Each structure stands twice: as C-alpha cells, then as structure tokens.
Amino acid sequence: MRSLPDLQRSFTEFLLSPPGTRVDPVLSVEVRGQRVPVEKRLAIYKNNVYAQLIGALRDSYPAVHRLVGHDFFRFAAMEYIRAHPSRSPTLLEYGASFPEFLGGFEAASSVPYLPDVARLEQLYLESYHAPEAAPLPKAECAVLLSDGSAQLRLHTSARLMTSSFPVSRIWEVNVRPAVIDGRIQIPGGAEYLLIVRPHTTVEVRRISSSTHAALAALERGCSVAEALAAGTDIDPGIDLPMHLLSLADGDTFCSCENQ
Amino acid sequence: MSAAAGIGLKPAHYRALLTDRPPLGFLEIHTENYMGAGGSPHRYLAALAESYPLSFHGVGMSLGGAGPLNRSHLARWRELVDRYDPTLVSEHVAWSSHDGYALHDLLPIPYTEESLRALCEHIEQMQDVLGRRILIENPSRYLEFSYSDTAEPEFLVEATARTGCGLLLDLNNVFVSTCNQGEDATRYLARIPSHLVEEIHLAGHSINTVDGEEIRIDDHGSPVCDPVWQLYRDTVSRIGRRPTLIEWDTDVPEIEVLLGEAERANEAAAVPSRDSIQGNRYALAP
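The rules behind each value
Residues numbered from 1 in each chain as written. Chains lettered and ligands numbered in written order. Predicted model: local features only at pLDDT ≥ 70, side-chain atom pairs only at ≥ 80, totals over all residues. Heavy atoms only, no water. Pairing = 2+ DSSP bridges. Helix = DSSP H or I, 4+ residues; strand = E, 2+ residues; numbered from the N terminus. Axes fitted to C-alpha atoms, helices over the stretch in contact; angles between N-to-C directions. pLDDT = per-residue confidence, 0-100. Contact = heavy atoms within 4.5 Å. 1 Å grid on protein atoms, 1.4 Å probe; cavity = no way out; pocket = protein on both sides within 12 Å on 5 of 7 lines; lining within 4 Å. Points joined across faces, edges and corners; volume = space filled by probe spheres on them. Nonpolar A, V, L, I, M, F, W, Y, C, P; charged D, E, K, R; others polar. Buried area = accessible area lost by both parts, 1.4 Å probe. Salt bridge = Lys/Arg side-chain N within 4 Å of Asp/Glu carboxyl O. Polar contact = N/O pair within 3.5 Å; in protein donor to acceptor, adjacent residues only side chain to side chain.

Let's talk about the sheet that holds strand 3 (residues 54–57) of chain B
Paired through their backbone hydrogen bonds, the strands of a sheet run either parallel or antiparallel. Residues and elements named next belong to chain B. Taken in spatial order, the eight strands of this closed barrel run 1-2-3-4-7-9-10-13, and their pairing is parallel. Put simply, the sheet's adjacent strands are angled 25° from each other on average, direction ignored. Where strand 10 (residues 197–203) meets strand 13 (residues 244–247), four bridges bridge the pair, whose relative direction is parallel. By the bridge assignment for strand 13, Leu-202 is matched with Ile-246.

This is the structure we're talking about:
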C-alpha cells in the first residue's frame, strides 16, 4: 500500500499520459477489479479527463470545430491537452492559449485563417466573462472628446483585434445554426474588429483601421489628443470624433471610475 | 427550503426559466461555471435568484486530495457564496487535482484512515472559509482500492461525525458504484442514517460493455432509470422528503424534459407540484 500522495501522483501521471500508455504495475496491483479488468477501469477515468477538456475546447471554439470537423478538432485538442494540461479547477479559462497553439500546429497549416478565427473566439469569451461596468453616456463622451488631455476608457469588456483575413465573416457563417451548402463567397481582406459586451450580449463590430488605431491608443492609456492623432495618421480625411461618438452610442466606453 | 424537486441550471435554459418561472424547489449550479467576473452567467443567475433558492455544487475543490486545497479557488467560492447566499452548498468525496494539475474528473480515494484525515481537514477548511456547513456527496466509482479498510457508507458517516458536515446522497451514484462492484444498493443505503441526508441527487447513467462485462458510467446524459426511481421511493419512505435534484449535464435536453423529470420526482415523493410557490418568491420551510 502506498501513501495517498504517492497514489495520487501515479494516478495523475497515468491520466495525463498519452493514450495507450501502460498502467504503472504497482497502481494496478492496488486497484481491485472484479469482472472488468483494472486497466479498463482506469481507462474510464482517463477517457473522462480527456472528454472534459476536449468538450471545454469545443464549447469555447465552436467555429474552429465546425471549420475543421470533429475528427481533426479532436486530434488537435488531444495534442494541445498533452502540451498544456489544465492548471485551474474551473474550465472557464482552459484553452486560452489554443489560438497560439494552432498558429504553430503544422497539421492545420493548410487553413491559414484558423488561428485568427480561434483568436476571435478567445476574445469573444474574454468579453463574455469580463467584469461589469456602466457604459459612458454619449454626452459625457462628447465632453471628453473635446478635451485633448482627457482620458477616455474602453469598456471593461472591449477587446481589439486585427486580421489579414475576413475573420469575423468566416466566424459568423460558422457559428450560425443554418446549414450552408457548397461554397460561400466572403468579401474583403483584412479586418479591424472591436469585440464588446456593454450589456448581456457580446457584439463583434467591424471598424476602420483608423478607428482601430485610435481605440488601441486609448487602450494603451494615451490621451484623447494622442488617440485622435494615431487615427488620423492612418486616414487624414476621417472625422474621427464623429466615429468615436457613434461608438459611444453603442456603449463602447466606460467612466474612469470603473477601472 | 421546499422539498419540491429542483434542476441543474444550464445556459440553454436561462431565458425559458426567466420567462416562464416554472414551479421548481431550487436551481443548482456547478459553482466553477460562475467563476467568471461578469456577463450573462451572473446576470441570469442574479435574476433567477429572485425566484428560486440556489444550491451551489462544487466539482473542483478536490476535498479528497492529498495536497493542500487551492486557496484562490477557495477565495472565489467564498466570494460567490457571499454574493448569492445559496441555500445549499456541497462538494464531492473525491479528488480532482494533484500538484497543480487540474484533472476535471471526480477521482476515487481509498477508504483508509489516511484518506479520512485528509478529507476531514479539507472539509473543515472549506467550512471555515465559507463560514457555513457543507454537504459531501458520495462519488460514482469504477474501481476500488485493494487496501481500503472501510466501506464507503461507514467512511462517509465517520467524515460527517468528525466535521459536522451533512450528506448529499446521490442515489444514481450509489446504484452505479454498487453495480460496478457487484454490491447491493439497498444494503448500502440502510447504513446511511436518515438525519445526515440533507439533499438527494438523481441522474441518468449509461451502460457500457467492456470485455463482455457491463460497467455503468455516470454520464448524466439520460433520464433517471427505473431501479434508481425505486431506490428514491424507498429512500423517501424511509427518511422522508429531501430537496431533490435532477442532474443532466451531457446532451442537455429541452427544459420540458427536465421539468418532466422533476415532476416525476415530486410524484414519487408525493410532493404537490405547486406547494412551494408563494407569489414571486419561494417559501423557505422553517
């Protein structure tokens, strides 16, 4: 008989080992199997561990799952789980580095936009679970925009993203329940995105590159004047304050006290 | 708290529950699923807490672990309990993490004095941090350890005696575990004193065939089976009614299916289905 820490250590090693790994002989001696052999009994627990984690990834990355199909997703998920075992008792955070993993996953290299779709789904989740904050009313936003030295805070749930692919359109057609037959035409190339959840629902909004540059500057803590300059550097003709005000209409900002 | 049956709260049912407010004794959550900071899980849970008592059921504390409890996990539990003040709080007699690795399954412990000491220390720590008693749930098991020197019912009863906690009696787990070990569920249940049981769980399981032998897997993905309904009727007639949960976590069906199972539990325990409704709030029994 082994001590409880020893038993749980070898049990854990077995659970996290690649499928098909032989059971530690000492562990199998200490486990009692009647009709069903010990190895098969232990395998039930191992299957459960992988099933939970694969299920969590599938829930978090539904568009990636649909794009590559279940078998490939399962294969990629198993590889990811082996490389990045869970370290948190809650599954909410599990898989945050899956987009980065897919970026370096040779077997998925024929789908070049896959890591960006995963990144969008990860930001969507972050926004979904982000802390609550009261959105800044448009009138107050207008006052701040007219004061170059002011700070304008993005909402606690706001996330920014850029992609050289039409990633939000690819994502949209893959999370819609409607079945799509055959080829679909997706317009456009690069995208600049704002993902935000001012109320209950997460919104994925396509924005211009200059608006994106201004919001990114605000996110870094720049003043309103610096943010407007960052935006007009990209597109001198744009009426940025008007664009930002229309975002304020969509509850994109929150007051500084929320931070 | 009313003895009318409750169901596990699933995001797919948030809107239907909030719109229709069907008669249910309580709603149970997996506490880990509400450890995000904000957003729709908390908005819906807070709104539903206006109409239903809540039960917080943990799956990740690893009370049966050899190592120390995860302090940040305990702190997040505490925050949630303080915020929502649930009527029931429970965890499992199992381990689910080791040396920082989270395994997300309820793993079996040998029933020895060493395990009992670790378990009781952790139950006490959880009760201290939360500032309240907890209930501990009997696990479903697919194996036994050859050197266990106590049977599960006696082990559980001793843990309650040492820590003052109560029992969440999962009848599906009793059935699954005893079938898998060639034991008798009725004999198991006869060894659980009535006064320790403060909640009952009912769920479905699947039957798998391994090398020509049946093994039952506790997957919470189907209706409660007839032998478990029989155990429920027998248990209620022996110990009386208890808050009873219909658990369904895999391939979650439409809400009507869960409400039907809850209604069936009420009928089995002869609880009038609407006895718990008092206007917009559910009455808590004294």
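What follows continues from the structure just given.
Section: the confidence of the model for chain B
Across chain B, the average pLDDT comes to 93, with 94% of residues at 70 or higher. Counting contacts from residues 273–286 of chain B, a segment whose pLDDT is below 50, to residues more than four positions away or on other chains yields 32 contacts.

Some points on the layout of surface pockets
All names here are of chain B. The calculated volume of the second largest pocket comes to roughly 310 Å³. Looking at the second largest pocket, it is lined by 19 residues, and the ones nearest its centre are Ala-151, Glu-152, Pro-153, Glu-183 and Arg-191. Mapped by element, the contributors of at least two residues to the lining of the second largest pocket are strand 8 (144–145), helix 5 (152–163), helix 6 (171–180) and helix 7 (185–190). Across the lining of the second largest pocket, the residue classes tally to five nonpolar, six polar and eight charged.

Re the interface of chain A and chain B
Note: interface size is frequently given as the accessible area lost on complex formation between the parts. Listed by partner, the interface residues are 47 residues for chain A and 53 residues for chain B. Together, Leu4(A), Tyr45(A) and Pro89(A) form the three largest contributors to the area buried by chain A at its contact with chain B, with a combined 16%. Inspection of the chain A/chain B interface yields three salt bridges. Across the pair Glu93(A) and Arg76(B) runs a salt bridge, and its minimum N-O distance is 3.1 Å. Counting the contacts that link chain A with chain B gives 21 residue pairs in polar contact (both at pLDDT 80 or more). Contributions of two or more residues to the side of chain A that touches chain B are made by helix 1 (4–16), helix 2 (25–30), strand 1 (31–32), helix 3 (38–60) and helix 7 (114–129) of chain A. Along the lines of polarity and charge, the residues of the side of chain A that touches chain B split into 24 nonpolar, twelve polar and eleven charged. Pairing analysis gives two bridges linking strand 1 of chain A to strand 8 of chain B, with the strands arranged antiparallel. For Arg32(A), the partnering residue across the bridge sits in strand 8 of chain B and is Glu144(B).

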